[in-house]
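# Geometric and topological summary
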Amino acid sequence: MKKVDTMGRKIPKFDRQAAGRKAALTRKEREGENIHSRIGAIGGRHRKRGYFGTLKDQGKDRELKIIQRRGGKASKAKSARKG
């Protein structure tokens, strides 16, 4: 079955796999063979530990324990409501 647009023109078939392979080759030519490993390394360096990790690094153990206690109470209350 031919696909046509609203004006009756034929729409060519588009091979997404071939397009992806061609894009990957182009990118490797421009950026170098190890482009994906470099991008991954950049992402790994920019990663942070989050709020809880920051509290732990700063030695704020009291605040962490308070937060843990609140979380435990909330989960117990939720399970009690479910019955």
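Only a predicted model underlies this, so the values are computations on that prediction, with no experimental measurement involved.

Moving on, we get to the overall build of the chain. Helices and strands together make up the secondary structure of the chain, namely four helices and zero strands. Along the chain, helices (α) and strands (β) appear in the sequence α-α-α-α when read from the amino end. If you line up the chain on its principal axes, its C-alpha atoms span 65 × 45 × 20 Å. Here the chain contributes 27 positively and 8 negatively charged side chains, and the mean placements of these two sets differ by 10 Å.

Next up on the list: the pattern of salt bridges. Tallying each qualifying case throughout the model produces two salt bridges. Close ionic contact of Arg9 with Asp5 constitutes a salt bridge, the shortest N to O distance being 2.9 Å. The class for Asp5 is partly exposed, based on a relative accessible area of 25%. Here Asp57 makes a salt bridge to Arg49, at a shortest N to O gap of 2.5 Å. Relative accessible area serves as the criterion here: at 53%, Asp57 is assigned to the exposed category. Using a relative accessible area of 52% as the deciding quantity, one classes Arg49 as exposed.

Moving on: the environment of Gly8. Here Gly8 shows up in the segment before α1 (16-31). Considering only alpha carbons, one finds Gly8 and Arg30, 22 residues apart in sequence, at a separation of 39 Å.

About the cut-offs
Residues numbered from 1 in each chain as written. Predicted model: local features only at pLDDT ≥ 70, side-chain atom pairs only at ≥ 80, totals over all residues. Heavy atoms only, no water. Helix = DSSP H or I, 4+ residues; strand = E, 2+ residues; numbered from the N terminus. Lys, Arg positive; Asp, Glu negative; His and termini not counted. Charge placed at Lys NZ, Arg CZ, Asp CG, Glu CD. Salt bridge = Lys/Arg side-chain N within 4 Å of Asp/Glu carboxyl O. Buried < 20%, exposed > 50% of the residue type's maximum accessible area, 1.4 Å probe, protein only.

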